[in-house]
Amino acid sequence: MRSFTLPSAARGNTSLADRRVRAVIVLGVLAASAYLGRHPSTTLIAALYGAIALGVLVRWPKLALPGLVLATAFVPFTIGTGTGSRITVAMIGLAALTGLWLAQMGLQRRIHLPPSPANAPWLAVGILAGVSLVAGAAAWSPWVITKPNFVVVQLAQGAIFALSACAYWLLASDGGGRRMLAVLSAMLLAIGALIALGWLVPPLGFVGDRILFSGPVFRIWVVALASGLALFDAGLDRRLRLGLLVLAGIMVGIPAWLSRDWASGWLPSLFTLGIVAVVWLWDRSRWASLAAIVGAALAFVIYRLVLVEVAASDFWSLDTRVIAWRGLFRLLEGRWLFGLGPASYWHYWRGEIGGMSYLDPSTGHLHYTYDPTVNMHNNYMDVLGQMGLAGMVAITWLVLALLRHAKHQLDAERPGFGRAYAAASLAGLGGMLFAAMLGDWIWPFVYNVGLHGFTSAYLGWMMLGGLVVLERTRETGAG
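Residues numbered from 1 in each chain as written. Predicted model: local features only at pLDDT ≥ 70, side-chain atom pairs only at ≥ 80, totals over all residues. Heavy atoms only, no water.

A.B. asks: Quick rundown of a nonpolar patch on the surface? Include the residues and the values.
C.D. replies: The grouping of Leu70, Phe74, Val75 and Leu194 at the surface amounts to a nonpolar patch, some 300 Å² of accessible area in total. Secondary-structure assignment places Phe74 in helix H3 (residues 64-74). Classification of Phe74 as partly exposed rests on a relative accessible area of 35%. (Patch = residues over 30% accessible without salt bridge, like charges linked within 9 Å, V, L, I, M, F, W, Y side chains within 5 Å. Areas by Shrake-Rupley, 256 points an atom, 1.4 Å probe, with all protein chains shown as cover. Salt bridge = Lys/Arg side-chain N within 4 Å of Asp/Glu carboxyl O. Helix = DSSP H or I, 4+ residues; strand = E, 2+ residues; numbered from the N terminus. Buried < 20%, exposed > 50% of the residue type's maximum accessible area, 1.4 Å probe, protein only.)

As structure tokens, then:
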């Protein structure tokens with residue numbers, strides 16, 4: 001995002017004006033503090049912080065994205081929607097920054113997107129989310145049981161897809177260049193290190209408990225950046241590179257040790273680490289055969305862990321997912337092209353199928369309900385249910401465009417930070433795609449993880465926008 005500028009008076013005549021402005025600010029803060037102390041209001045406090053943030057952005061525009069990351073990591077502020085989910089700082093901040101970005105382009109009379117092969121598929125995803133809302137007909141179908149706030153829920157679900165694209169474009173269009181990529185990478189690694197410290201030193205666990213990045217996408221990108229920089233950026237101090245590898249290992253190993261049955265908590269990170277290792281080995285032509293061996297070994301380990309051990313130990317969960325997928329296919333009959341609409345299949349299930357049963361092997365009991373609240377526990381099935389085959393085509397197009405772009409940047413970059421970032425992006429995207437298969441939300445579902453899940457999920461899409469920055473700044477190396 002390029003700088004926002006406001007006109008200023010001549011330097012020689014601003015001293016008195018500056019004093020007056022400062023006096024007004026001080027009096028305003030004192031008055032607001034006195035009022036809020038006697039009449040506390042979440043809305044007014046949010047408005048006050050919003051005004052302060054806007055002033056900071058106007059004065060120091062390059063703090064926008066780092067400030068967004070810090071705010072989403074540490075500020076637990078939310079706004080109720082009446083839907084059971086609450087709008088988080090991530091959604092508020094992205095919406096605000098997108099509005100400023102669009103306003104700036106409007107003032108410049110030059111509306112454009114940063115050049116990227118992912119632009120067209122991102123636009124297609126957004127358009128299809130709107131088309132599926134109308135084509136799904138859930139809001140007015142007499143066979144579908146919905147709540148009065150259902151339209152708000154659908155708009156919130158559509159906003160998740162739209163804001164994911166905005167997160168990508170905001171970093172892609174940022175004027176901070178590679179320095180901004182380095183700053184954001186360092187911030188994510190530092191936050192990951194705080195979480196790791198809390199795991200290793202239990203008395204310091206309260207530090208990690210204050211961090212709101214709890215989803216697998218955050219850990220995937222910490223592992224991708226840490227291992228990518230350690231293996232691809234030879235300019236870093238060796239002790240720092242070793243520390244980064246240790247951090248990547250902790251982010252994979254501790255969750256696996258503490259919660260092995262929760263595959264989503266560590267398998268995507270392991271997959272990410274494996275991608276970085278395979279790419280690093282392949283990058284050295286004399287070790288290409290070793291890369292193939294490591295890749296095959298990783299595939300075998302993932303197969304054993306996911307399809308044999310984890311699936312066997314949690315068979316009832318897999319069984320219920322298969323039941324849900326079969327039910328979704330039944331609901332999609334006649335609606336395969338555009339799906340059931342944003343967040344709609346949950347209501348279609350309750351209104352049209354109306355019941356489900358499954359056997360819990362841990363107790364031997366057969367469970368049956370006439371009022372099921374079903375989600376797919378698989379992001380690909382989730383997209384299919386919401387936007388149909390057209391949505392799946394658009395998502396596939398987006399993923400392929402991003403993978404090709406990451407591979408192109410990896411091949412074009414010279415050794416150093418740029419090459420490390422490209423490798424991390426390729427691995428991070430691969431880890432996200434793997435997590436989506438296991439049921440973690442790279443596009444959160446309102447009726448499951450809720451809008452809170454977007455707090456971590458947006459990070460992956462934002463960091464992938466850095467590929468555009470790499471391409472734009474390759475000639476200068478700094479941007």
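From this point, the discussion proceeds with the structure in view.
A.B. asks: Tell me what's going on with the pattern of salt bridges, and back it up with residues and numbers.
C.D. replies: Where charged atoms of side chains with opposite charge meet at close range, the side chains can pair. Considering all chains together, one arrives at 4 salt bridges under this definition. The closest approach of N and O atoms between Asp237 and Arg239, which form a salt bridge, is 3.2 Å. By relative accessible area, which is 38% here, Asp237 ends up partly exposed. Given the relative accessible area of 69%, Arg239 is considered exposed. Lys407 is the partner of Asp411 in a salt bridge, and the nearest nitrogen-oxygen pair spans 2.7 Å. One end of the pair, Asp411, and the other, Lys407, are both in helix H15 (residues 379-412), 4 residues apart, so they sit about a helical turn from each other. A residue is classified by how much of its surface remains accessible, and Asp411, at 49% relative accessible area, is partly exposed. Overlapping salt bridges bring together Arg178, Glu413 and Arg474 as one network.

A.B. asks: Explain unusual backbone geometry to me, using residue names and the numbers behind them.
C.D. replies: Despite not being glycine, Arg109 has its phi angle at roughly 55°, a positive value. Turning to its location among the elements, Arg109 is positioned in the loop between helix H4 (89-108) and helix H5 (119-136). Of note in this structure, Ala343 is not a glycine but carries a positive phi near 60°. For Ala343, the location among the structural elements is in the loop between helix H13 (315-331) and helix H14 (345-353).

A.B. asks: I'd like to hear about the packing of helix H9 (residues 216-232) against helix H17 (residues 454-464), residue by residue, with values.
C.D. replies: The geometry of H9 relative to H17 is characterised by a closest axis approach of 7 Å and an angle of 40° between their N-to-C directions. Contacts between H9 and H17 pair Val217, Phe218, Trp221 and Leu225 from the former with Ser456, Ala457, Leu459, Gly460, Met463 and Leu464 from the latter. The class makeup of the residues in the contact of H9 with H17 is 8 nonpolar, 2 polar and no charged. (Axes fitted to C-alpha atoms, helices over the stretch in contact; angles between N-to-C directions. Contact = heavy atoms within 4.5 Å. Nonpolar A, V, L, I, M, F, W, Y, C, P; charged D, E, K, R; others polar.)

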